[in-house]
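Now for the letters of each chain:
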Amino acid sequence: MMIRNFSLFLAVFVLSLAGCQTTSKRGDFSAIETAFVQPPASVQTSVYWYWINDNISKEAVVKDLQAMKEAGINRAFIGNIGLTEEEAPYGKVKLFSDEWWDIMHTALKTATELNIEIGIFNGPGWSQS
């Protein structure tokens, strides 16, 4: 899936560059600008979505996902990150607790309703490093 999406992105990018060569000397970049400001639905815009130090809630994940959708983001990868107390205080929702799973369910359900794909790291911490 990722290779197909990367290939699509690369093809669009190359075609965009090729289109630039055929423009007048002044350069009419309006089509490129429009596609950048309002990318087509086929473009996958992804983010890492870090849940830091057990500071999560149902309300917050719903608001985050709504903001992502509004910004044109249609894929997010959830990573549960543990920092030191000095970097960020710990919240009340412990990783893998019943409440954490309930919030995860809310995030997945909301993402499905908003047509946002969700990926989850294979373990807590900086596992994708």
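Structure first, text after, so check above.
Draft legend 1. Representation of helix α3 (residues 58-70). Look at α3: 19 Å from first C-alpha to last across 13 residues, which is about the 18 Å you get at 1.5 Å a residue. For α3, the set of buried residues is Val-61, Leu-65 and Met-68. Projected down its long axis, α3 shows its buried positions confined to an angular sector of 60°, all on one face. Of the exposed residues in α3, the ones pointing more than 90 degrees away from its buried face are Glu-59, Lys-63 and Glu-70. On its buried face, α3 sits against β1 (46-52), β2 (75-81), α4 (98-113) and β3 (117-120). Of the residues flanking the end of α3, it is Gly-72, one or two places downstream, whose phi is positive at about 90°.

Draft legend 2. Structural detail: the side chain of Asp-54. Assignment of secondary structure puts Asp-54 in the loop between β1 and α3. One polar contact links the side chain of Asp-54 to the main-chain amide nitrogen of Leu-95, over a distance of 3.4 Å. Setting aside its immediate chain neighbours within four residues, Asp-54 contacts Tyr-90, Gly-91, Lys-92, Val-93, Lys-94 and Leu-95.

The rules we used
- The written sequence of each chain sets the order in which its residues are numbered from 1.
- With the structure being a predicted model, the display of local features is reserved for residues of pLDDT at least 70 and the display and counting of side-chain atom pairs for 80 or more, all residues being used for whole-chain, interface and lining totals.
- Side-chain metrics in this entry use all non-hydrogen atoms of the structure; hydrogen atoms and water are not considered.
- A run of DSSP states H or I qualifies as a helix once it reaches four residues; a run of E qualifies as a strand once it reaches two. Both are numbered from the N-terminal end.
- Multiplying 1.5 Å by the residue count of a helix minus one yields the expected span of that helix.
- For each residue, the accessible area found with a 1.4 Å probe, counting protein chains only, is set against the maximum for its type, and the residue is called buried under 20%, exposed over 50%, and partly exposed in between.
- It is the directions from the helix axis to the C-beta atoms whose arc is reported.
- Note on contacts: a residue pair qualifies if any of its non-hydrogen atoms lie within 4.5 Å across the two residues.
- N or O atoms within 3.5 Å of each other form a polar contact, as long as, within protein, one can give a hydrogen and the other can take it, and as long as residues adjacent in sequence are counted only when both atoms are side-chain atoms.

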